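# Descriptive structure summary
The primary structure of each chain is shown beneath.
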Amino acid sequence: MREGENMSVLQDATQDGQTDPKPPESEAQYHTVFEYSPISLWEEDLSEVKRYVDGLRDSGVSDLGAYLAQHPEAVLHCVDLVKFVDVNQATLRLFEARDKPELYASLRAILEPDSLGLFQEALLALAQGQTRFEGDAAQRTLLGQTVYVRLSLAVAPGYEATWSKVFVSVIDISPRVRAERALRAAESEKALLLNATAEPLAYRDIDLRVRWANKAAGDSVGLPAQDLVGRHCYEIWHQRDEPCLECPLPKVLETGEPQEAETTTPNGHIWHLRGYPVFDEDRQIVGLIESAQNITEYRQAEQALRESEKRLQQIIQQMPHPVEVCAVDGTALMVNQAFLDTFGIPSADLVVGRYNVFQDPLVVQLGLMDSVRRAYQGEVVFVPEDAIPTAARESRYQAAEDQVVVQEITMFPVLRPTGELEQVVTIWNDITERKRLETQFLQAQKMEAVGRLAGGVAHDFNNLLTAIQGYAGLLAMALDSERSLNQASRQAMQLDLEEIRRASERATALTNQLLIFSRKQVLQSRIVDLNGLIRGTQKMLGRLIGEDVELYTRLSPGLGRIQADPGQIEQVIMNLAVNARDAMPY
C-alpha cells in the first residue's frame, strides 16, 4: 500500500458481540495478509483501558479531556493497560524490534511527547463513542530513532462496548515530513534572505496582483508586507486604477523577456524597476517578479554633478587665461574660448580629440617636453618666461601683425581618489602687458638715476654760478669807483661784465631745468606765459628726445597767462615728450 492509505482488519460480529468461528483456510489467509503486509499492523486489546475510563466516569469525572490534561499520569496508566494481541513484521521493522515480546514490553518507550498526546486524543474519541480515529505523530524506535507516522485506529464491529479488539495501522511518513520540514526551512530561509534585502521585491500574478512581498516592499509604502498581498501594484505605489505607462511588467508578459524601466512615485522618489517572468514546465508565464531600487539620491547626485560640471565648464570658458584639458594619453578633451582666441583657432572641434601634446612639434621646439612628462607623472609644473630657451624666447606666439604674446605656462595633474592620473590641465598666462610695464619700469629707473645725477650736477654747478655772479657784481662795483680808467675802457669792461652776468643767468636757468627734471626744485607758483615757457624748454626737449626725433612747436598767439609753478609745467611737458618718443615705432 502507498503512504496515506489505511488498512483495517475487521471481523463480522453477531448480535451479542461474539464472532463467528473462521474456517481454517480463511484463518490462514487472514494471518498471511496480516503478517506480511508492508504496512505496520497491530491488533490490540483495550478492554482494561475501557474499564479504567468507565471507572473515572463513575467516580464523578464529567470532563474526561480536562481530567487527562490535568493528570498526565492517568494517560501513562492507560498506556500501560494496553495489551498487544499481535503485530506484524512491518511493525517490528518500523520500530527496530528484534521480536514481538520486546515490542510488547516497550510501548512507553516508543511514544514521543506528541505521540502521547495523539494517544490521549484517540482515547477521548473512543470515550465519546467514535470507532475510528486518525492522526499524525512522532514516535521513537527501540534504538532511539525518531519516525513520523500516520496512525489509523478502528474498533472491530461488535466490540464497541468492550474495546477488546482494536485494529491499528501505522504508516511511516518520515520522508514526507522531513521533505515538508526541509521545504518549510528552505522557504523560511529564503524569506529571511529576501526580507533582509534592502531592495523591495514582490511576486505578482499575471493580473499584476501581489502574491508575496518582502519587508522592504512594505516599508516603501509604510505598510506591513502582508497588507500588500492581493492588491494591484499600481494602486499600492502609484494610487492609480490602471497600470503605469513606465511599468516593465506588461512588457514582460508581452515579450517573455526581462525588462527594465524607471519611474517616479507620487512622493517624488525615483525607482529603477526590473521585471522577470516566472514560467511553468510548459513555458507558460504563471507569475512575475519585480525588484525596485530607490535611485532618488543617485539621480540627485547625478544632477548635482552635471550642474557642477556645467558650472566648472562655465568658469573655465570665462577664464581670461587660455586653458587646455588633456586625457592621460595627451589628447585634448576641452579648451576654452581664451585658448582659441590666443592661438587664432576658429573652433574647438579643430583641437578636441585631434590635438595631442606629445605630438606637438612646438612643445619640442620650446624645450617643454620634459615639463610635460613631469606633469603626466603627477607633478605640478610651472614654466616661467625665463625657463624657456633663448631659441624660442618667452613662448612667443604670433597673435597679430608685428605683435608678440608672451606666456607663462602652468601644468598640473587631476587625480582620481585612487591616486591614478585622470587628466592634465594646462593654463597659459599672458604676461605681455606685464613685460611691457617691466620695460617701462626699468626705463623709469634709468631716468630716475639720470635725474638724480642731473640734480647733483645742477646743485654743484649752481653753487659755482652763485660765486661767478657774486664776483661779477663785485667787479661791477669796483669798476664804477675806479677813476683811472678812461671812458672807452670803462665801457668795454662794463660790456664784458654784462656778458658774464647774462651767461650766468642762462646757466642758472639751465640748472633750474635740471633741478626740475630731478624733482628737487621747490614749488614756486606765479603768473606764467605758457608760450614763453615752451620756447624756453624747446632746446632742452630737443636734447632729451634725441636727434632722430624732430620737434615742432605750434604756439597760440592769443593764449592767456596762468598761475602755476613754471618748473612743474616744464616737467609735465618733458614727461609728455618722453612718452611720445617711447610710443613711436622704431
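For clarity, every value in this text was computed on a predicted model and none was experimentally measured.

### A look at the pattern of salt bridges
Within this structure, the stated rule accounts for 20 salt bridges. Where Glu262 meets Arg299, a salt bridge forms, and the shortest distance between an N and an O atom there is 2.6 Å. You can see Glu262 sitting in strand S8 (residues 259-264) and its partner Arg299 sitting in helix H12 (residues 296-318), a full 37 residues away along the chain. The class of Glu262 is partly exposed, set by a relative accessible area of 34%. Linked by salt bridges that have partners in common, Asp136, Arg150, Arg176 and Glu180 make up one network.

### Details of the pairing of strand S9 (residues 270-279)
Where S8 meets S9, six bridges bridge the pair, whose relative direction is antiparallel. Bridging from a neighbouring strand, Gln259 pairs with Gly275 of S9. Hairpin connection, S8 to S9: the antiparallel pair is bridged by five residues, and Gly268 has positive phi, about 90 degrees. By the bridge criterion, nine bridges tie S9 to strand S10 (residues 285-294) in an arrangement that is antiparallel. In the strand pairing of S10, Trp271 is matched with Asn294. Two successive antiparallel strands, S9 and S10, enclose a turn made up of five residues, where Arg283 displays a positive phi of approximately 60 degrees.

### Some words on the side chain of Ser152
Note on placement: Ser152 falls in strand S4 (residues 146-155). At 3.3 Å, the side chain of Ser152 forms a polar contact with the side chain of Glu134.

### Things to note about the packing of helix H18 (residues 530-545) against helix H19 (residues 566-583)
Between H18 and H19, the shortest axis-to-axis distance is 10 Å and the interhelical angle comes to 45 degrees. Considered as vectors, H18 and H19 are oriented oblique to each other. Seen along the crossing, H18 lies across H19 with a hand that is right-handed. Counting all contacts with H18, which are made through Leu530, Leu533, Ile534, Thr537, Met540, Leu541, Leu544 and Ile545, the residues of H19 involved are Pro566, Ile569, Glu570, Ile573, Met574, Ala577, Val578 and Arg581. For the contact of H18 with H19, a count of residues per class yields 13 nonpolar, one polar and two charged.

### Describing the sheet that holds strand S3 (residues 132-140)
Working definition: the strands of a sheet are paired by backbone hydrogen bonds and lie parallel or antiparallel to each other. In spatial order, the strands read S2-S1-S5-S4-S3; together these five strands make up an open sheet with antiparallel pairing. For this open sheet the edge positions go to strand S2 (83-87) and S3, each flanked by a neighbour on one side alone. Averaged over neighbouring strand pairs, the angle between their axes works out to 30 degrees when direction is ignored. Bridge count between strand S1 (residues 40-45) and strand S5 (residues 166-172): five bridges; the pairing is antiparallel. Looking at the pairing, Ser40 lines up with Val170 of S5. Lying on the sheet, helix H7 (residues 113-127) is in contact with S3 and S4; it crosses S3 at an angle near 165 degrees.

Cut-offs used in this document
- For every chain, the first residue of the written sequence is number 1, and numbering continues from 1 onward in sequence order.
- Only residues with pLDDT of at least 70 get local features here, since the model is predicted, and only at 80 or more are side-chain atom pairs given and counted; chain-wide, interface and lining totals rely on the full set of residues.
- Water and hydrogen atoms were dropped before computing side-chain values, which therefore reflect all heavy atoms in the structure.
- By convention in these notes, a salt bridge is any Lys or Arg side-chain nitrogen within 4 Å of a carboxyl oxygen on Asp or Glu.
- Note on conventions: DSSP H or I runs of at least 4 residues are helices, E runs of at least 2 residues are strands, and numbering of each starts at the N terminus.
- Note on classification: 1.4 Å probe, protein chains only; a residue is buried when its accessible area is under 20% of the maximum for its type, exposed when over 50%, partly exposed between these limits.
- The rule for pairing is simple: two strands pair if DSSP sees at least two bridges between them.
- Between N or O atoms, a polar contact is any pair within 3.5 Å; within protein, one atom must be a potential hydrogen donor and the other a potential acceptor, and residues adjacent in sequence are included only when both atoms are from side chains.
- To get an axis, fit a line to the C-alpha atoms, keeping to the stretch in contact for a helix; angles then go from 0 to 180 degrees between the N-to-C directions.
- Note that the term roughly parallel is reserved for angles under 35 degrees, roughly antiparallel for angles over 145, roughly perpendicular for angles of 65 to 115, and oblique for everything else.
- The crossing is said to be left-handed when, going from far helix to near helix, the turn is anticlockwise and less than a right angle, and right-handed when the turn is clockwise.
- Any pair of residues with heavy atoms lying within 4.5 Å of one another is described as a contacting pair.
- Nonpolar residues are Ala, Val, Leu, Ile, Met, Phe, Trp, Tyr, Cys and Pro. Charged residues are Asp, Glu, Lys and Arg, and all others, Gly as well, are polar.

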